[in-house]
Amino acid sequence: MAEDSERQSMDIGRPTNICHVAHVTYDRFDGFLGLPSEFEPDVPKKPPSASDVLASYDLFIYLRVCSATVFGVSTESMQLSYDSRGNCVPTILTLLQSRLYDQGGLQVEGIFRITGDNSEEEFIREELNKGVLPEGVDIHCLAGLIKAWFRELPRGILDPLPSQQVMQCESEEDFVKVVRLLPQTEASLLNWAINLMADFVEFEDVNKMTSRNLALVFAPNMSQMADPLTALMYAVQVMNLLRNLIDKTLRERKIASSHVDPCDNISEAEDNQQEEMYIFEEEEDEDIDEKDKEDETIKESGIKTLLADEHISSSEVNTNDQKKQET
């Protein structure tokens, strides 16, 4: 009995004076944020819904794109835009091109040949990765960034071409045929680069950059080869390819600029006809004036002749009178 009474005295009764405490995280700006991190593993979580998965995936893609740089990455992961000639190229190229033109880069001597300040170029790279191009960037730095963009591509824009076939090209027609083998992305980039270089060649009298000079500085940035000797030999052929394409583009521009619209021909013919009528009227006026002058000259000469005749006749009359008087 004693043992039973001891057991009853040792039984734990129901809790009394209970105080419920809620563990939450509170932020004075965003309010209640939920459980502290140390309590989260003990709380069962419900499985995420399909919308939550898609939202988190979109966020992942957004962060991936934002964290990617604009140098050394493929064009598929970059924002693209169309230039004035319809080429779909990364926006960074059109941005650098417009800024280069706006700052008078077309007329800067040695453009694309003179290198810019390395420290400034690194700073501009960081800003471009943020989607910002600061004002007042050095001209040669802008030009160097365009070359660097092509040079740091994972694959050169001419690498899809069979190198052996490129090395066998000897004429402009051969280069044009082999370039047609490029995929659409690389073809657009090459067309953009060729037109860029052609724009600068049109000002070669000022910037001293001929088609050969520009092809020489761009050729090493258009392909990537592991073997230095092979890369050097291939770069020489790439330079010939670029030079031929630049010269071809310049000829096509001259032909296009010399082409006149038929409506312009009609208006020009009408203007010429009106001008001829005006000239004809002026010639008629001049003929009338000359005719009047001739008439006046004839009249004057006739009057002088008459006066001379009158003078001769009067002198002859006086002589005859004198002879009669003497007789």
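What counts as what
Residues numbered from 1 in each chain as written. Predicted model: local features only at pLDDT ≥ 70, side-chain atom pairs only at ≥ 80, totals over all residues. Heavy atoms only, no water. Axes fitted to C-alpha atoms, helices over the stretch in contact; angles between N-to-C directions. Helix = DSSP H or I, 4+ residues; strand = E, 2+ residues; numbered from the N terminus. Parallel < 35°, antiparallel > 145°, perpendicular 65-115°, else oblique. Left-handed = near helix turned anticlockwise from the far one by under 90°. Contact = heavy atoms within 4.5 Å. Nonpolar A, V, L, I, M, F, W, Y, C, P; charged D, E, K, R; others polar. Salt bridge = Lys/Arg side-chain N within 4 Å of Asp/Glu carboxyl O. Buried < 20%, exposed > 50% of the residue type's maximum accessible area, 1.4 Å probe, protein only.

Observations concerning the packing of helix H8 (residues 184-201) against helix H10 (residues 211-218)
Part 1 of the argument: Where H8 meets H10, the closest approach of the two axes is 9 Å, and the angle between their N-to-C directions is 140°. One way to sum up the angle between H8 and H10 is to call them oblique. Crossing hand, H8 versus H10: right-handed. In contact with Leu-196, Met-197, Phe-200 and Val-201 of H8, H10 contributes Ser-211, Leu-214, Ala-215 and Phe-218.
Part 2 of the argument: Its residues assigned to classes, the contact of H8 with H10 shows seven nonpolar, one polar and no charged.

A look at the pattern of salt bridges
Part 1 of the argument: Overall, the coordinates contain 10 salt bridges when judged by the stated rule.
Part 2 of the argument: Among the salt bridges present, the one from Arg-253 reaches Asp-199, with a minimum N-O distance of 2.7 Å. Of the two residues, Arg-253 is situated in helix H11 (residues 228-258) and Asp-199 in helix H8; the sequence distance between them amounts to 54 residues.
Part 3 of the argument: Since its relative accessible area comes to 10%, Asp-199 is described here as buried.
Part 4 of the argument: Residues Arg-253 and Glu-202 are paired through a salt bridge, measuring 3.1 Å at the closest nitrogen-oxygen approach. In this pair, Arg-253 is assigned in helix H11 and Glu-202 in the loop between H8 and helix H9 (204-207), connecting sequence segments 51 residues apart.
Part 5 of the argument: Of the residues examined, Glu-202 reaches a relative accessible area of 46% and is grouped as partly exposed.
Part 6 of the argument: Through salt bridges that share partners, Arg-85, Asp-199, Glu-202 and Arg-253 make up one connected network.

Keep in mind these values describe shape, not function.
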